[in-house]
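Summary of structural features
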Amino acid sequence: MSKRPLAILAGVVFVSVGSLGLWRWGPLAGDQVVPSCNDLAEALPSAVEGSWTLTRTEPTREVTRSLVRCEFGFRSADQAYWGTVVLDLSAGDDEAALRKKATDGPCYGEVVPNPSGARYKVTRACSQKINDKAFAGVFVASDERYAHTLAEFSSSSRPPEQVVAYANSSAQRIIDRAMALKASD
């Protein structure tokens with residue numbers, strides 16, 4: 001028996017497995033890509049005017065391009081509000097899983113309306129005031145992305161109700177910008 005057919009078969013298997021690997025995990029992969037934390041840091045001032053400082057990024061872009069968790073220090077343009085914003089953004093092909101993440105995440109405090117909620121498959125927003133801080137959380141899911149933000153803001157010059165309102169509207173604008181933004185890489 002000739003070794004030639006066996007060699008051809010081995011070559012076909014090798015090329016097939018290699019192509020499958022490139023398609024699934026390599027440069028041919030159709031990975032869902034979300035913006036990096038640096039992309040978001042550049043884009044967020046157009047959503048909420050002020051000074052944005054990226055303080056923490058997880059995971060690194062070398063690990064995954066379909067998931068980011070960013071933490072920002074924030075000070076409003078008029079210097080009246082300051083605090084921290086945490087933003088989680090992920091992409092995927094499983095719509096049900098994305099919707100479940102948006103539905104099941106912990107939303108503390110009162111439910112608040114989200115004016116831009118109609119553009120998402122799932123949207124939840126809530127806010128809470130604890131001492132001198134306002135916390136606003138927003139969860140959304142679309143066909144291809146999930147996002148969650150938690151904005152924690154304070155102000156020494158504004159009444160608590162105004163701080164809560166500012167936190168709510170800011171968190172919603174942050175989510176809208178993050179969901180619409182394309183990755184630069």
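Conventions and cut-offs
Residues numbered from 1 in each chain as written. Predicted model: local features only at pLDDT ≥ 70, side-chain atom pairs only at ≥ 80, totals over all residues. Heavy atoms only, no water. Salt bridge = Lys/Arg side-chain N within 4 Å of Asp/Glu carboxyl O. Helix = DSSP H or I, 4+ residues; strand = E, 2+ residues; numbered from the N terminus. Disulfide = S-S within 2.5 Å. Buried < 20%, exposed > 50% of the residue type's maximum accessible area, 1.4 Å probe, protein only. Core = buried A, V, L, I, M, F, W, Y, C linked by side-chain atoms within 4.5 Å. Contact = heavy atoms within 4.5 Å.

**Some thoughts on the pattern of salt bridges**
Two side chains carrying opposite charge are able to pair once their charged atoms lie near each other. Applying the stated criterion to the full structure yields 7 salt bridges. Put simply, Arg-99 and Glu-95 hold a salt bridge, and the shortest N to O gap is 3.4 Å. Residue Arg-99 and its partner Glu-95 are both found in helix H3 (residues 95-104); the two are separated by 4 residues, about one turn of the helix.

**Here we look at the state of the cysteines**
For the coordinates displayed, the defined rule picks out 2 disulfides. Between the sulfur of Cys-107 and that of Cys-126 lies a disulfide, 2.1 Å long from S to S. Looking down the S-S bond of the Cys-107 and Cys-126 bridge, the torsion is -115°, so its handedness is left-handed. You can see Cys-107 sitting in the loop between H3 and strand E4 (110-111) and its partner Cys-126 sitting in strand E5 (residues 122-130), a full 19 residues away along the chain. We classify Cys-126 as buried; its relative accessible area is 3%. Here the disulfide map of the protein reads 1-2, 3-4, the bonded cysteines being numbered as they appear in the sequence.

**A few points about the nonpolar core**
In terms of nonpolar packing, the biggest core is built from 38 residues, with Leu-40, Trp-52, Phe-153 and Ile-175 touching the most fellow members. Taken together, the elements giving at least two residues each to this core come down to helix H2 (37-47), strand E2 (67-76), strand E3 (82-91), strand E6 (133-141), strand E7 (145-154) and helix H4 (160-180). Broken down by element, the residue count for this core peaks at 9 residues, all from H4. In this structure Phe-153 touches Phe-74, Trp-82, Gly-83, Val-85, Asp-132, Lys-133, Ala-134, Val-163, Tyr-166, Ala-167 and Ser-170, once residues within four positions along its chain are discounted. By size, the runner-up hydrophobic cluster in this structure holds 6 residues, among which are Ala-102, Val-122, Phe-139 and Tyr-146.

**Points about the environment of Val-164**
Locating Val-164 in the fold gives a position in helix H4. Remark: the alpha-carbon pair of Val-164 and Ala-134, spanning 30 residues in sequence, is separated by 5.1 Å. Discounting chain neighbours no more than four positions away, the residues touching Val-164 are Ser-127, Lys-129 and Ala-134.

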